[in-house]
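What follows is the residue order along each chain.
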Amino acid sequence: MDVRVGVRVEGVVQGVGFRPFVHGLATGLGLSGLVGNDAGGVFIEVEGAPDRVGRFLDGLRTRPPRLALVERVTTRELDALGRGGFAIVGSDASGERRALVSWDAATCDDCLREMRDLGDRRHRYPFINCTACGPRFTIVTGVPYDRPNTTMAGFAMCAPCAAEYQDPADRRFHAQPVCCPDCGPSLTLRPHAGEPLDAARAALADGAVLAVKGLGGYHLAARAADPGGVAALRSRKHREDKPFAVMVPDLEAARALCDLSAAEEELLTGPRRPIVLARRRPGAALADAVAPGNRAVGLMLPYTPLHHLLVTEPIVLTSGNVSDEPIAYRDRDALERLAGIADAFLLHDRPIHTRTDDSVMRTFRGRPLPVRRSRGYAPEPIPVPAGRPVLACGAELKNTFCLTRDGRAFVSHHIGDLENHETLRAFEEGVAHFRRLFDIEPELIAYDPHPEYLSTKYALDQDLPGVAVQHHHAHIASCLADNGADGPVIGVAFDGTGYGTDGTLWGGEFLVADLRGFERAGHLEPVPLPGGAAAIREPWRMAAAYGVPDDLPVARRPGWAAVTALARRGVNAPPTSSMGRLFDAVAAVLGVRDRVNYEGQAAIELEQCADLTETGAYRAALDGTAGFTVAGGDIMDAVVADLRANVPVPAIAARFHNGVAALVVDAASRIRSETGLGTVALSGGVFQNMLLLDRAVSGLEGAGFDVLTHHRVPPNDGGISLGQAAVATARS
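Worth saying up front: this structure is predicted, and the values here are computed from it rather than measured. (Residues numbered from 1 in each chain as written. Predicted model: local features only at pLDDT ≥ 70, side-chain atom pairs only at ≥ 80, totals over all residues. Heavy atoms only, no water.)

Q: Hey, could you run me through the packing of aromatic side chains in this one?
A: Both the distance between ring centres and the angle between the ring planes are used here to describe each pair of aromatic rings. Throughout the structure, instances matching the rule amount to 14 aromatic pairs. For the ring pair Y125 and F127, a centre distance of 5.6 Å and an interplane angle of 65° mean the geometry is edge-to-face. We classify Y125 as buried; its relative accessible area is 4%. Geometrically, the ring pair formed by F494 and F687 is stacked, given 5.3 Å between the ring centres and 10° between the ring planes. Here F494, found in strand β23 (residues 489–499), pairs with F687, found in the loop between β30 (679–683) and α21 (690–702); they are 193 residues apart in sequence, far enough to count as distant. An aromatic cluster of at least three residues, connected via ring pairs, comprises F137, F401, F410, F427, F434, F438 and Y458. The positively charged end of R272 is found above the aromatic ring belonging to W103, 4.4 Å away from the centroid. In this structure, R520 is placed above the aromatic ring of W506, and the distance from its NZ or CZ to the ring centre is 3.8 Å. (Phe/Tyr/Trp six-rings, centres within 6.5 Å; stacked < 30°, edge-to-face > 60°. Buried < 20%, exposed > 50% of the residue type's maximum accessible area, 1.4 Å probe, protein only. Helix = DSSP H or I, 4+ residues; strand = E, 2+ residues; numbered from the N terminus. Lys NZ or Arg CZ within 6 Å of the ring centre and 35° of its normal.)

Q: Honestly, the pattern of salt bridges in this entry has me stumped. Any pointers?
A: Pairing between side chains of opposite charge can happen when the charged atoms of each approach one another. Inspection of the entire model under this criterion finds 46 salt bridges. For R595, the salt bridge goes to E538, with nearest N and O atoms at 2.5 Å. You can see R595 sitting in the loop between α17 (579–589) and α18 (601–609) and its partner E538 sitting in the loop between α14 (533–537) and α15 (540–545), a full 57 residues away along the chain. The class of R595 is partly exposed, set by a relative accessible area of 37%. Here E538 falls in the buried class, since its relative accessible area comes to 14%. (Salt bridge = Lys/Arg side-chain N within 4 Å of Asp/Glu carboxyl O.)

Q: Sorry if this is basic, but what is going on with unusual backbone geometry here?
A: Glycine aside, residues mostly have negative phi, and peptide bonds are mostly found in the trans state. A cis amide bond links R190 to the next residue, P191, at an omega of 5°. Tracing the backbone through its elements, the reader meets P191 in the loop between β6 (187–190) and α5 (196–205). Residue D439 is not a glycine yet carries a positive backbone phi of 50°. Considering the arrangement of structural elements, one finds D439 in the loop between α11 (421–437) and β21 (444–447). A relative accessible area of 29% means that D439 is categorised as partly exposed. Within the chain, N646 stands out as a residue other than glycine whose phi angle is a positive 65°.

Q: Teacher, can you tell me more about helix α6 (residues 227–237) here?
A: Listed in full, the buried residues belonging to α6 are G229, V230, L233, R234 and K237. Looking down the long axis of α6, one finds its buried residues gathered within 135° of arc, a one-sided arrangement. Facing away from the buried side of α6, by more than 90 degrees, are the exposed residues P227 and S235. Buried residues along α6 sit in contact with β8 (218–223) and β13 (315–319). You can read the cap of α6 off the contacts: a side-chain oxygen lies 3.1 Å from the backbone nitrogen of G228, and it is on D226. Phi turns positive one or two residues past the end of α6, at H238, with a value near 60°. (Arc of directions from axis to C-beta. Contact = heavy atoms within 4.5 Å. Polar contact = N/O pair within 3.5 Å; in protein donor to acceptor, adjacent residues only side chain to side chain.)

Q: For this particular structure, what's the right way to read the sheet that holds strand β5 (residues 86–88)?
A: Hydrogen bonds along the backbone pair up the strands of a sheet, which may run parallel or antiparallel. One open sheet accounts for 5 strands, arranged β4-β1-β3-β2-β5; its pairing is mixed. The open sheet has two edge strands, β4 (69–78) and β5, and neither has a second partner. Each strand axis lies, on average, 15° off the axis of its neighbour in the sheet, ignoring direction. On top of the sheet, helix α1 (residues 18–28) reaches β1 (3–12), β2 (32–38), β3 (41–48), β4 and β5; it is set at about 175° to β5, its chief contact. Its contacts with the sheet put helix α2 (residues 50–62) on β1, β3 and β4, and the angle it makes with β3 is roughly 160°. (Pairing = 2+ DSSP bridges. Axes fitted to C-alpha atoms, helices over the stretch in contact; angles between N-to-C directions.)

Q: How should I be thinking about α18 in this particular structure?
A: Three or four residues apart is the spacing at which side chains of an α-helix point the same way, because the helix has 3.6 residues per turn. With 7 of 9 residues buried, α18 is to be regarded as a mostly interior element. Q601, A602, A603, E605, L606, E607 and Q608 are the residues of α18 that are buried.

Q: What exactly am I supposed to notice about the packing of α17 against helix α19 (residues 632–644) here?
A: Think of two packed helices as two axes; the pair is described by the angle between the axes and how far apart they sit. Packing of α17 against α19 leaves a shortest axis separation of 11 Å and a crossing angle of 15°. As judged from the angle between their axes, α17 and α19 are roughly parallel. When you trace α17 past α19, the crossing you get is right-handed. Residues L582, A585, V586 and V589 of α17 form the contact with α19, whose own contacting residues are G632, M636, V639, V640 and L643. (Parallel < 35°, antiparallel > 145°, perpendicular 65-115°, else oblique. Left-handed = near helix turned anticlockwise from the far one by under 90°.)

Next comes the structure, spelled out in structure tokens:
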């Protein structure tokens, strides 16, 4: 006897070819029924033999389309109707909105084959797409995810595209951005005339800097092997040292530049297409100015049809902005702001609704380690415990926000540093867009207690009950949420600075924490921060703060005596326990970097110069009983002693990293002996240092600890909003 079952599928199931997939699955099994979209996801009614219905339900869960994320499949029994055929019915926009929006996906192989086929009507069309690929999050304006709720609404489909769109057997069935050269977006190149793509490639070959409109904003491009072009881009963009990303045409070109692991290749070639930081090959054909003083290169493969058509050799592809400004994404704004940087503009007329930077990833022990989570990942939800809806406002730097509802955390795309009006406006617009898109009315608002953060001021201006979450507790809570854990754990939070509960600047913290709260079990011994923010820009000031001898080369810096006096008297020198500032101090003492042009530069270059074969380690004492302090001065004394003994700088840098890893193990072991806890969570921007992370995890595992690290949100402040949301939920 036949049965009829009502099915609801929740997750990322709209705009990814799910209805055609359901249609094909059902008809292939000889089942009748219907499928449609609504505000909650996908609804299905299916009728047939019980065993075939069971196989159908299994297929929904185990064989969904490439971009689908099936979170939940629920069923209910219905009365059998005895009707034949299976239909795809119209969308229902009524009801509570729970449908999820897909991330932007790289061009699929089927579309690439068509684009390269001389006989295909979309031959060399830079906006080809289907249900398996193309723009999603950056063009969507509302739900359900139908064409009128995207920036493609202004492009009326021609008859052939409409036929594909309406054919359940076609892979473009209800592909909302579907288009072709006759009805879709088109390219222009300013100020040049003629065929845009050929002229753009010629301009790059001639050494020009090209502005390119992409999925989530504008990029600036130059030939990566051209020293003059890369130098011009650096000079005009006012980006002195920070590495540029490089887009290569294919995996073979990527392998020619970097030694790639299997995990790195999987990230490079997958549908999300982030920038992947990989180890540079000696003699790689790149201009020195692409990534000065860096062993790694940020590689990415083309992820739009336009990129596939444009990129025939490695090109620098960096955010379309002047340093410290948000990426340009509106055409008029881009033409004005980038006019002094770009020699030409490759434009198209498909509007971008949400500004979205490229994601940046590393790999650690075969798993992704996010550095920046944005295009290709946002707004994919992260499972969290269910609770009251929360808006978490994140930190000041590398800002993201997070909205939660019904056990889902929607961490935003990368917003950036909230240091100017334009970025703050992007933050506010992003919050409003997410609230509309996911129909979330927050009942709580979570924020960092630092009184000067713009994200905090925004939170305090809202008419919502507030939950202040200490910065380093948020880091550890972020790592817990990232791993689906509740705690308690031993939390190690190392970063630049964060506002402590005692009003001082923390950053080298050992916590006992769960999602509800924390205790400060230990910390790096505080030292002065002479000149406040000036000490972050000028690491030599931190060398003075650590009291290194006046006869070292670093002490020849003009102003050394005055800064030393500031540190000694504590005038304009707030105390800090920051591990990031200890890295700065060591980099300055070793002559690696005494003034930075971007955040973390001194620590990054210190890691880059370390001798990876060195096994020695500088040890630091753990002093005190109820709340210990780590004597960072012990490590600095050892650095100075080896420097005076003419030990090579790479060996000293390695011994320093090994010493910090050792103190992580020593501190965790001490806390375990007092609490019985055997799991350690590592978070904070310092743990983007792969040498430190590898040595710390190896040491902890060797000492019998379970170790949690990040793999879905960054360990830096880009993950803070998730931690804030998790804490607010646990406390509510």
